[in-house]
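Notes for the structure review
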Protein chains: 4
Amino acid sequence: MAEAITVSIVGASGYSGAELLKILNRHRQVTVKKLFANTSAGKRIDEVFPSFRTLSGMMLESYSSDAACTSDVVFLALPSGEAMNIVPELLTRGKKVIDLGGDFRLKDISLYETFYKHQHHAKETVQQAVFGLPEWNREQIRSASLVANPGCYPTSAILPLAPLLKEGLIEAQGISISSLSGVSGAGRSSTTELTFVEVNESVKAYKVGTHQHAPEMRSILESITGMKIGLTFVPHLIPITRGIYTTIYAQLRKKVGQADVLAAYQKHYSGEPFVRVSDSMVPEIKHVNYTNFIDIGFRVYPDNNQLIMLSTIDNLVKGAAGQAVQNMNLMFGFEETEGLL
Amino acid sequence: MAEAITVSIVGASGYSGAELLKILNRHRQVTVKKLFANTSAGKRIDEVFPSFRTLSGMMLESYSSDAACTSDVVFLALPSGEAMNIVPELLTRGKKVIDLGGDFRLKDISLYETFYKHQHHAKETVQQAVFGLPEWNREQIRSASLVANPGCYPTSAILPLAPLLKEGLIEAQGISISSLSGVSGAGRSSTTELTFVEVNESVKAYKVGTHQHAPEMRSILESITGMKIGLTFVPHLIPITRGIYTTIYAQLRKKVGQADVLAAYQKHYSGEPFVRVSDSMVPEIKHVNYTNFIDIGFRVYPDNNQLIMLSTIDNLVKGAAGQAVQNMNLMFGFEETEGLL
Amino acid sequence: MAEAITVSIVGASGYSGAELLKILNRHRQVTVKKLFANTSAGKRIDEVFPSFRTLSGMMLESYSSDAACTSDVVFLALPSGEAMNIVPELLTRGKKVIDLGGDFRLKDISLYETFYKHQHHAKETVQQAVFGLPEWNREQIRSASLVANPGCYPTSAILPLAPLLKEGLIEAQGISISSLSGVSGAGRSSTTELTFVEVNESVKAYKVGTHQHAPEMRSILESITGMKIGLTFVPHLIPITRGIYTTIYAQLRKKVGQADVLAAYQKHYSGEPFVRVSDSMVPEIKHVNYTNFIDIGFRVYPDNNQLIMLSTIDNLVKGAAGQAVQNMNLMFGFEETEGLL
Amino acid sequence: MAEAITVSIVGASGYSGAELLKILNRHRQVTVKKLFANTSAGKRIDEVFPSFRTLSGMMLESYSSDAACTSDVVFLALPSGEAMNIVPELLTRGKKVIDLGGDFRLKDISLYETFYKHQHHAKETVQQAVFGLPEWNREQIRSASLVANPGCYPTSAILPLAPLLKEGLIEAQGISISSLSGVSGAGRSSTTELTFVEVNESVKAYKVGTHQHAPEMRSILESITGMKIGLTFVPHLIPITRGIYTTIYAQLRKKVGQADVLAAYQKHYSGEPFVRVSDSMVPEIKHVNYTNFIDIGFRVYPDNNQLIMLSTIDNLVKGAAGQAVQNMNLMFGFEETEGLL
């Protein structure tokens, strides 16, 4: 078994940061060394999240690279635009970095600047980042210094689509993706739009056709399949705390049956510890919440010549902190499932 | 102003029946004469729904056509397969009938029998039924004896699609429809699947590609537009009590901008009292709940050559009882909005 | 029937203000003349609450007394401390005023200043205010110029307690009150504590023993009964949008049965249009939500020599806007239930 | 470290049974040997709870004592009245038994028969059962053959009350207890009352003054303190899946300050691994959900001479399966927190 390591979390006062801490506290080869936060610096983590009382009383500190560099690996769970200012120095000082934000996911900087609406200040570093989707990049992740952990929506859409595109079962154009997300996906912020009264007993689509995860889905699928992809993505906010439900419609390329689709999934995912595919069971969010699993279901619909794909993940686990720990496990030679079952 | 009338409700112990009673109690030209129920017969309505205490203490009776025929119009809010046994006699005895169920919506009996999974016993009566979507059938409804009130999902999908198909802005094939429904849409039944614990903090798709509202959408759109329609429909159950959110993806037929779509909607819906279209505002369920409105939004997405349509209704009002009263208002010459604002 | 009137709402961009507008739009003797707001001034009401689209497109204006005085009655739905700066001038200019806030409910100014934590600037005006609880102050309300509309929690606690204290069935000391409130009771503000993620799937007590509604309950009960009252009040925030559930424990003064308690309630509330008492039915929030009713239930519990009282209201209706309209109806000689059934 | 053991779960298709399996799967000294169910016998556990897919594919079997006796300890998670038919034989055959139901909690059989509304068939066995509240019975539990795991409500009420009664800070009579429970506490059954639509956006008290957990609280507090206890208990169903919030009012016996109460709690609970007391922090359900902790807060309220106590637990963990595993750890000499942090 690989040696024990120390880790730091930058952005520990957000939901993804707290989920990371919860998972890492249970990980048998990890010691959490430093927690960094911004406005909450100076408080203990259990003052911000009282669920940690008696489990962790660590202080939240203002970020400094010296402090961060006392650990072997640094997790970043920050709003977009912040990681790019921190990561180059950490890499220079020889640290491994796992970034849960969007700063290092898009190789095409102009795409980043269009969708994230600010300039990129670490363009060269972007090119060395490995996209942290273990099911498709496992070997690269093992040797990566910088992992760009996938977005929650892209995780839920890329995993069901990639095998079927690769096997030529569906068209690469005209893909329609409808995702439903729990509110923790919006982060721990306090706008009127996210209050209980505004969200409860309602649904709304948002960033219709303009969400920054659409180019991430497209560019990663293109790099996996080598095809030119055309997709439309509509995210919806629904009144649950955690979980993503993604429903995808694609045109069938040829006469395809349920068994063909299942075979394609089995070919690519049969050994995957966190991918559960079924040709009969319809995914439900409650089956994956608080876990690192993605559940995938599907239905061939010959009347309209379409395939329907359905997937569910916990946005804070497989969609963020859990997948980040899965990546860390690969980077340090730990059991891939350690801390995650 | 038209003369006052009397009404009866068959199936008053369900959610749609109760919503009908609530609306009709506020209607200035209506007196509710009889309430019929099955297992709850012999109870007062306020024993079944205590919200009616001091507002209505009417008895729930076992159905008899003689009793029903003491009123001018009979509303049916029954599980599928039951209305077909009641309606022919009511029509023969000269009553107007508004059926909130699915028995008289599909002119193609074989389609009915495939999707509803039982035989039809009133095939001739089906042919005289008018589909009660006022925005497209207003004149026929005025003179109808039997109105087949639209399903909740079809209401939410046909209204955004029909004008754009008619105006040739979108392709008639390859339409993808994703709907989210509150749990009251499943009726007042007690299966483990509908308990709070199973539904809360989760989402599930159901009847994927096999829901009986898909042929209803298709056949009504075909009769409105004269085109052959190809659509895929996936309904999802989400943890809210009331409301439907429908997201539709269609291929654009030609170079179309936001203004073209808005113009098509305005052409067809500008005088409609219950249709609210906006090219900028994204629909949210909370804006329409407890009302008879449908809100429609849309976004041209040229990258993938698609149009995204979004709509919201309250499944118990515009999706059931409210639209039924709107139809009654038309049939009896009342103000179309009476009882509904 | 009394003559039609015009009304203004100050604070129309909050939840109580919007609920007022919704009710008043259906009221047959009322025309809404002016809507005032603070940060939302300059917007249309349907931009703030899109549910009003096509129903009201009135502008939100910055408050001015001249504009307010163009209407017959002014409703105030403001944070505490603001109404006191507006009301004296309105009264001087001959307007009727109904204040939904706390500024004029407590005759004892020092109590106000202790619990509301700021100074009072209209101490004389406080003395002329009538506490707007129609069930106990109906005659005074009819002739009042200034009505202090009761708090939501006090409405839910005073109504079940007052008859039993007056009839000597329970002790005036040692009363314990536990209330659960929907989140709309906290107003339309954007603190992290009120976001969906923080509220959902949780419960918290707050202002334990320090809530400003405790002295309101005590002082009003003392003025109704003439007794010295001792009570403990614990409010809890629960994950629902609307509604209050209040559970009260009091010591029985003597051997009392269910029938005695019911008789006391009937003596005081038998003609009340919005009070529904039952000795067998347990109140549930869903039976009163979106209505102006209060439902009251109770249980004599001889083992511990206690009486349990249970009550439910909709905090935005009987707990705020509905009761305010009930008061307006009394002040202007309209049918007391107009707009409220 | 103690030797590894094997366990069986009788009633594995309910929520408590499934929670037990989830916890035991993570326990390092336990192997789950057999799962028993009634109507679900013959299915795999992951067919009933798909969250177990790839984690457990164990079969659910019809109960037989021979099969149960292949394991070292048997957990029972059954409706009341069923465990009593199974337990005596298991004990005779030398097995350790932990019963999560109510059959062995009340030493007074007549109290059991009154509140549970059926006869008891294993009256002698009741007398050898140890009430499984580790904080008060740790030594007895270590050597017990049969542990009666506490009810969820009693756990949440006894733990805050016992130290203060023992230390003479509060009166033993006139205690008022108001508890709010998530719906999983009602078990996995399918009555109309527990459907999402009926529970959502509402609250109801139930079994007011007649709940079977009231005599459990009273008799256990009497056995702990040696005093005669008088308490009133009102449980409420609220729209959350998991968690209990308990608010307790008691009369202060003498002049008592916050520090005295804190000292009493510290005296009894300072070394407890799962009890977290604070004199400043108000408990919230979200801080304890999915954990075995109980959080306790309190407030001295001199105006009404009362003490307010507040507590929160997860009803399925500290209120059921977690506490059961804590008891198992004591019975077999494992680390008390194993599997529970």
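Please read all numbers here as calculations on a predicted model, not as lab measurements.

Quick look at the overall build of chain A now. Scanning chain A for helices and strands turns up 13 helices and 14 strands. The C-alpha radius of gyration computed for chain A amounts to 20 Å, which stays within 12% of the reference 20 Å derived for 341 residues, consistent with globular compactness. Seen through its C-alpha atoms, chain A measures out along the principal axes to roughly 60 × 45 × 40 Å. The buried share among the 341 residues of chain A stands at 67%.

To continue, consider the relation of the copies chain A and chain B. It takes a turn of 180° to lay chain A on chain B, together with a shift of 0.0 Å along the axis; the resulting RMSD is 0.0 Å. When the rotation and shift are considered jointly, the pair of chain copies conforms to a two-fold rotation axis. A symmetric contact is evident, with 100% of the interface residues of chain A recurring at the interface of chain B.

Glancing now at the relation of the copies chain D and chain B. After a rotation of 180° and a shift along the axis of 0.0 Å, chain D superposes on chain B with an RMSD of 0.0 Å. A shared binding surface is used by both copies, with 100% of the interface residues of chain D retained as interface residues in chain B.

Residues and elements named next belong to chain D. As summarised here, the arrangement of the 7 strands in space is β3-β2-β1-β4-β5-β7-β6, forming an open sheet in which the pairing is parallel. In this open sheet, the two edge strands, each paired with only one partner strand, are β3 (60-61) and β6 (130-131). Pairing analysis gives 6 bridges linking strand β1 (residues 5-10) to strand β2 (residues 30-36), with the strands arranged parallel. Bridge pairing in β2 links Thr6 to Thr31.

Residues and elements named next belong to chain D. Across the 7 residues that make up strand β10 (residues 231-237), a large majority, 7, are buried. In this sheet, β10 lies alongside strand β8 (residues 175-181) in parallel orientation, the contact comprising 7 bridges. Counted as the bridge partner of Ile175 is Leu231 from β10. Two elements, strand β9 (residues 204-205) and β10, share 2 bridges in a ladder whose sense is antiparallel. Its bridge partner being in β10, Lys204 is matched across the sheet by Leu237.

Residue and element names in this part refer to chain A. Packing of helix α8 (residues 152-166) against helix α11 (residues 258-269) leaves a shortest axis separation of 9 Å and a crossing angle of 105°. Classified by the interaxial angle, the pair formed by α8 and α11 is roughly perpendicular. Packed against α8, whose contacting residues are Ile158, Leu159, Pro160, Pro163, Leu164 and Lys166, the element α11 presents Val261, Ala264, Tyr265, His268 and Tyr269 at the interface.

Attention now goes to the interface of chain A and chain B. Contact residues are listed per partner, giving 43 residues for chain A and 43 residues for chain B. On inspection of chain A and its partner chain B, the count reaches 2 salt bridges. With a shortest N-O distance of 2.9 Å, Glu198 of chain A and Lys286 of chain B are connected by a salt bridge. Where chain A meets chain B, there are 28 residue pairs in polar contact (both at pLDDT 80 or more).

All names here are of chain A. Of all the 6 residues making up strand β1 (residues 5-10), 6 are buried; the element is thus mostly covered by neighbouring parts of the structure. Alternating residues of β1 divide into Ile5, Val7 and Ile9 and Thr6, Ser8 and Val10, and every residue in both groups is buried. Regarding topology, helix α1 (residues 15-25) serves as the crossover connection from β1 to the parallel strand β2 (residues 30-36), and that connection is right-handed. For β1 and strand β4 (residues 73-76), the ladder comprises 4 bridges, and the chain directions are parallel.

Our next topic: helix α10 (residues 213-225) of chain D. Residues and elements named next belong to chain D. The first and last C-alpha atoms of α10 sit 18 Å apart over 13 residues, in line with the 18 Å expected at 1.5 Å per residue. The buried count for α10 comes to 10 of 13 residues, which makes it a mostly enclosed element. Among the residues of α10, those classed as buried are His213, Ala214, Pro215, Glu216, Met217, Arg218, Ile220, Leu221, Ile224 and Thr225. Of the residues flanking the end of α10, it is Gly226, one or two places downstream, whose phi is positive at about 75°.

Take the environment of Val300 of chain D next. Along the chain, Val300 of chain D falls in strand β13 (residues 294-301). Residues Val300 of chain D and Gln326 of chain D, 26 residues apart in the sequence, show an inter-C-alpha distance of 32 Å.

With that settled, the discussion passes to the interface of chain D and chain B. Contacts between the two partners involve 18 residues from chain D and, on the opposite side, 18 residues from chain B. Here chain D packs against chain B, burying approximately 1,500 Å² in sum over the two surfaces, 63% of which is carbon and sulfur. Remark: the boundary between chain D and chain B carries 2 salt bridges. With its nearest N and O atoms 3.8 Å apart, the salt bridge here joins Glu198 of chain B to Arg188 of chain D. Our count for the chain D to chain B interface comes out at 6 residue pairs in polar contact (both at pLDDT 80 or more). Here the side of chain D that touches chain B gets 4 residues from one element, more than from any other, and that element is helix α9 (residues 196-199) of chain D.

Moving on, we come to the sheet that holds strand β12 (residues 275-277) of chain B. Residues and elements named next belong to chain B. The strand order across the open sheet built from 7 strands is β9-β10-β8-β11-β14-β13-β12, with neighbouring strands paired in mixed fashion. Looking at the sheet topology across the chains shown, the edges are occupied by β9 (204-205) and β12. Of the strand pairs in this sheet, β12 and strand β13 (residues 294-301) are connected by 3 bridges, and their pairing is parallel. Bridge pairing in β13 links Arg276 to Asp295. Where helix α10 (residues 213-225) meets the sheet, its contacts fall on β8 (175-181) and β10 (231-237), and the angle it forms with β10 comes to roughly 140°. With respect to the sheet, helix α11 (residues 258-269) is in contact with β12, β13 and β14 (306-313), its orientation differing from that of β13 by roughly 155°.

Residues and elements named next belong to chain A. When cut into domains, chain A gives domain 1 (5-150 + 319-332) and domain 2 (153-315). The straight-line distance from the C-alpha centre of domain 1 to that of domain 2 is 24 Å. Taken together, the contact pairs 22 residues of domain 1 with 31 residues of domain 2. Here domain 1 packs against domain 2, burying approximately 2,200 Å² in sum over the two surfaces, 60% of which is carbon and sulfur. When the area that domain 1 buries against domain 2 is broken down by residue, the three leading residues are Tyr15, Phe115 and Trp136, summing to 32%. Taken together, the links from domain 1 to domain 2 amount to 3 salt bridges. When the shortest N-O distance is used, the salt bridge between Glu19 and Arg242 registers 3.0 Å. For the pair domain 1 and domain 2, the number of links is 10 residue pairs in polar contact (both at pLDDT 80 or more). Only α1, α5 (109-116), α7 (134-142) and α13 (317-332) provide two or more residues apiece to the side of domain 1 that touches domain 2.

Per-chain confidence: chain A averages 97 in pLDDT, with 100% of residues scoring 70 or above. With a pTM of 0.98, the predicted complex shows an ipTM of 0.97.

Summarising burial for helix α1 (residues 15-25) of chain D: 8 of the 11 residues are buried, a large majority. When α1 of chain D is considered as a whole, its buried residues turn out to be Tyr15, Gly17, Ala18, Glu19, Leu20, Leu21, Ile23 and Leu24 of chain D. Among the structural elements, α9 (196-199) of chain B together with β1, β2, α2 (45-48), β4 (73-76) and α13 (317-331) of chain D are those in contact with the buried residues of α1 of chain D.

What follows deals with the packing of aromatic side chains. Residues and elements named next belong to chain A. Across all of its chains, the model carries 42 aromatic pairs over all chains by this definition. Residues Tyr153 and Phe233 carry aromatic rings whose centres are separated by 5.0 Å and whose planes lie at 65° to one another, so their mutual orientation is edge-to-face. With Tyr153 in helix α8 and Phe233 in strand β10 (residues 231-237), this residue pair connects regions lying 80 residues apart in the sequence. Exposure class is identical for Tyr153 and Phe233. Each is buried.

Reading the values: rules and limits
- Residues numbered from 1 in each chain as written.
- Chains lettered and ligands numbered in written order.
- Predicted model: local features only at pLDDT ≥ 70, side-chain atom pairs only at ≥ 80, totals over all residues.
- Heavy atoms only, no water.
- Helix = DSSP H or I, 4+ residues; strand = E, 2+ residues; numbered from the N terminus.
- Rg over C-alpha atoms; globule rule 2.2 N^0.38 Å.
- Buried < 20%, exposed > 50% of the residue type's maximum accessible area, 1.4 Å probe, protein only.
- Least-squares fit on C-alpha atoms with pLDDT ≥ 70 in both.
- Contact = heavy atoms within 4.5 Å.
- Pairing = 2+ DSSP bridges.
- Axes fitted to C-alpha atoms, helices over the stretch in contact; angles between N-to-C directions.
- Parallel < 35°, antiparallel > 145°, perpendicular 65-115°, else oblique.
- Salt bridge = Lys/Arg side-chain N within 4 Å of Asp/Glu carboxyl O.
- Polar contact = N/O pair within 3.5 Å; in protein donor to acceptor, adjacent residues only side chain to side chain.
- Right-handed = clockwise from strand over helix to strand, strands pointing away.
- Expected span 1.5 Å × (residues − 1).
- Buried area = accessible area lost by both parts, 1.4 Å probe.
- Domains from an automatic or database assignment.
- pLDDT = per-residue confidence, 0-100.
- Phe/Tyr/Trp six-rings, centres within 6.5 Å; stacked < 30°, edge-to-face > 60°.

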